[in-house]
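Geometric and topological summary
Here's the letter readout for the chains.
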Amino acid sequence: MTQNQYADLPNSYQIHKLTVTPNITLAPMAGVTDSIFRRIVLQIGGCGLVSSEMTNAASISPKAMKRHNLLDYSPEERPIVMQISGNDPDLVANAARIVEQLEPDAIDINCGCPSPKVTGGGHGSALLRDLPKMEQLLKAVLHAVEIPVTLKFRAGWDEDTLNYIETAKMAEQTGVAALALHPRTREQRYSGSANWGRIAETSAAVSIPVIGSGDVKDAHDALARLRESGAAGVMIGRGAMTNPWIFQQIEQLRRGEPVFEPAPADKYEFLLHYLMICETEMNERLALNKLKQLMGRFLVALPGCAALRESVHRSTTIEEAREHLAHFFEPYVEMTTVV
Ligand SMILES: Cc1cc2nc3c(=O)[nH]c(=O)nc-3n(C[C@H](O)[C@H](O)[C@H](O)COP(=O)(O)O)c2cc1C
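1. Looking at the overall build of the protein
- Across its full length, the protein carries 14 helices and 11 strands.
- Its C-alpha atoms give the protein a radius of gyration of 20 Å, within 12% of the compact-globule value 20 Å for 339 residues.
- Burial statistics for the protein: of 339 residues in total, 45% are counted as buried.
- A fraction of 68% describes how many contacts in the protein between residues 6 or more apart in sequence connect residues 24 or more apart.

This is the structure:
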């Protein structure tokens, strides 16, 4: 293989008229992929599409949306998909109508969330156990809005009831524009590994774009999965929290360019920048929680990083957290300055 072994891979896909390029996108993650995280990932570059956090259709009304900011976004976040969950076709269709007025590029229906709180209400992956209901819901949403509707789903409720091909075909027939498959079952939650063979099977079974989601940890993973599965695109969730540069790295690898490896000083700068935006846009408690959540996965990979994570986790003020970060990264920042 030449150095530029990925140059022949597809770099875009269509969601109706929308061209998603590059075809590497940020997976929706409740509590994580808010406007701040999306903007910061997009600023680094290499990400073709972002998604809102999952939003319960019952909480989508002009009044309720003043209390939560789940669907807030800024113009630089385009193209953006807004994700809705629900169980009642009329309620979800009505929510989709309201969401359409916010002018996202598409609306995504969540049929993958495994959380008991969500499945208990018949939302998320619970719909995998009732495909006629899912079909009714998709049809109602498709009837209600003009923008494209996409579906994100899992491989089935459990290993005995795998129905990803049936679900994909049904969705395609109803008029869904693209599919994102996280090929674990609901029962697996996040255990075991994502079976990309299921993504390959699904891509071969339908004509609409199928985006694969699951366990992509680095740039090589992303392009290898894209090649092996024949998927139209790859979605990255946890890997983007660990390494927000992953999208840029994929783009560089694909072009055969040197891949940027963030130095400790870059990671420090990233954390400070993230914290600064959080502080500007939310109260101290929420901003600190956001930092703690990111730090739970963010790859520091330096001696003493477990202790740093703990210190940040125990911090009760932003000032305290910032001091821990400054103390930890001090030697690395000095090294960069000397060089
Ligand atoms: C903290 C967290 C929150 C998530 N929230 C959502 C969500 O709101 N909607 C959704 O469709 N999937 C959600 N997911 C699933 C991801 O979008 C993705 O499909 C899954 O994590 C597998 O990809 P990964 O291995 O790249 O993380 C979430 C995952 C995590 C870890």
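Continuing now.
2. Here's the deal with the domain arrangement of the protein
- Domain boundaries in the protein define domain 1 (13–255) and domain 2 (264–338).
- Using only C-alpha atoms to locate each centre, domain 1 and domain 2 end up separated by 30 Å.
- With 3 residues, the top contributor of residues to the side of domain 1 that touches domain 2 is helix α9 (residues 238–242).
- Tallied by class, the residues present in the side of domain 1 that touches domain 2 amount to 5 nonpolar, 3 polar and 1 charged.

3. So, the packing of helix α11 (residues 264–281) against helix α12 (residues 284–295)
- Put simply, α11 and α12 touch, their axes get as near as 8 Å, and they point 150 degrees apart. Of the possible angle classes, the one that applies to α11 and α12 is roughly antiparallel. Seen from above, α11 lies across α12 with right-handed handedness. Where α11 approaches α12, its residues Tyr274, Leu275, Cys278 and Glu279 are matched on the opposing element by Ala287, Lys290, Leu291 and Leu294.
- Class assignment of the residues belonging to the contact of α11 with α12 gives a composition of 6 nonpolar, no polar and 2 charged.

4. A closer look at the site of the ligand
- The environment of the ligand is made up of 22 residues, and the closest members are Ala27, Met29, Met54, Gly237 and Arg238.
- Split into classes, the residues belonging to the shell around the ligand amount to 9 nonpolar, 9 polar and 4 charged.

5. Considerations on the environment of Asn110
- Mapped onto the elements of the fold, Asn110 is located in strand β7 (residues 106–111).
- When the C-alpha positions of Asn110 and Leu42 are compared, they lie 23 Å apart, and in sequence the two are 68 residues distant.
- Once residues within four sequence positions are removed from consideration, Asn110 is found in contact with Met54, Gln83, Ile84, Ser85, Gly124 and Lys152.

6. Things to note about the nonpolar core
- Ile84, Val141, Leu179 and Ile236 are the most contacted members of the largest nonpolar core, which totals 89 residues.
- Residues from two domains meet in this core; each of domain 1 (13–255) and domain 2 (264–338) gives at least three.
- Aside from chain neighbours lying at most four places away, what touches Leu179 is Thr150, Leu151, Ala168, Ala171, Ile208, Val210 and Ile211.

7. With respect to the pairing of strand β10 (residues 210–213)
- Of the two faces of β10, the one carrying Val210 and Gly212 and the one carrying Ile211 and Ser213 are both buried.
- For strand β9 (residues 178–185) and β10, the ladder comprises 3 bridges, and the chain directions are parallel. In the sheet register, Ala180 faces β10, and the bridge partner there is Ile211.
- The β-α-β motif built from β9, the intervening helix α7 (residues 196–205) and the parallel element β10 has right-handed crossover chirality.
- The sheet contact formed by β10 and strand β11 (residues 233–236) spans 3 bridges and is parallel. Bridging across to β11, Ile211 finds its partner in Gly233.
- One crossover worth recording links β10 to the parallel β11 by way of helix α8 (residues 219–229), and it is right-handed.

Analysis parameters
- Residues numbered from 1 in each chain as written.
- Predicted model: local features only at pLDDT ≥ 70, side-chain atom pairs only at ≥ 80, totals over all residues.
- Helix = DSSP H or I, 4+ residues; strand = E, 2+ residues; numbered from the N terminus.
- Rg over C-alpha atoms; globule rule 2.2 N^0.38 Å.
- Buried ≥ 20, exposed ≤ 12 C-beta atoms within 10 Å, placed from the backbone.
- Contact = placed C-beta atoms within 7 Å.
- Domains from an automatic or database assignment.
- Nonpolar A, V, L, I, M, F, W, Y, C, P; charged D, E, K, R; others polar.
- Axes fitted to C-alpha atoms, helices over the stretch in contact; angles between N-to-C directions.
- Parallel < 35°, antiparallel > 145°, perpendicular 65-115°, else oblique.
- Left-handed = near helix turned anticlockwise from the far one by under 90°.
- Near = placed C-beta within 6 Å.
- Core = buried A, V, L, I, M, F, W, Y, C linked by C-beta atoms within 7 Å.
- Pairing = 2+ DSSP bridges.
- Right-handed = clockwise from strand over helix to strand, strands pointing away.

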